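Residue-level structural notes
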Amino acid sequence: MSAYEAQTHGVVVRVRPTYLDGQSDPTGGRWVWAYEVEIRNQRDTAIQLLTRHWVITDALGRVEEVNGPGVVGEQPVIAPNQTHRYTSGCPLGTASGCMAGSYGVVDADGEMLEVEIPAFSLDSQPRGALN
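So, here's what we can say about the structure. (Residues numbered from 1 in each chain as written. Predicted model: local features only at pLDDT ≥ 70, side-chain atom pairs only at ≥ 80, totals over all residues. Heavy atoms only, no water.)

A few points about the sheet that holds strand β3 (residues 31-41)
Here we have four strands laid out as an open sheet, ordered β1-β2-β3-β7, and antiparallel in their pairing. At either end of the open sheet lies a strand with only one pairing partner, and these are β1 (4-8) and β7 (83-92). The mean inter-strand angle of the sheet, taken between neighbouring strand axes irrespective of direction, is 20°. Looking at chain direction, strand β2 (residues 11-19) and β3 are connected through nine bridges and run antiparallel. (Pairing = 2+ DSSP bridges. Helix = DSSP H or I, 4+ residues; strand = E, 2+ residues; numbered from the N terminus. Axes fitted to C-alpha atoms, helices over the stretch in contact; angles between N-to-C directions.)

In structure tokens, the structure reads:
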């Protein structure tokens, strides 16, 4: 499973997507992925994750944007040198696509920061596989 990583303002975001063959229905036009996210705070003070913004693009170039509070129903506080992990999922109407985005976090001084979520590939076929 490939990992994708970005670092912004001392916060490292690592994402590992996994194709969910058992939940997908290619004949019905539905492909599903899970993605595990690790958010590591390398700053000297705590941060709180308040918002998320995702840009999801399928293989036909159709774009869906998702904005909302927190992640999977939480707005976690992440202490210095600590990591918050969660898993979520994404269905698409094509066999591949990509996701990218950002988190809105606030630091101990009340400053709002935008933290990059690295762009990552959603592939239903292993790289190099023949169709």
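Notes on the side chain of Ser 121
Residue placement: Ser 121 occurs in strand β9 (residues 112-123). Take Ser 121: its relative accessible area is 18%, and that puts it in the buried class. Within the structure, the side chain of Ser 121 is placed 2.6 Å from the side chain of Asp 123, a separation counted as a polar contact. (Buried < 20%, exposed > 50% of the residue type's maximum accessible area, 1.4 Å probe, protein only. Polar contact = N/O pair within 3.5 Å; in protein donor to acceptor, adjacent residues only side chain to side chain.)

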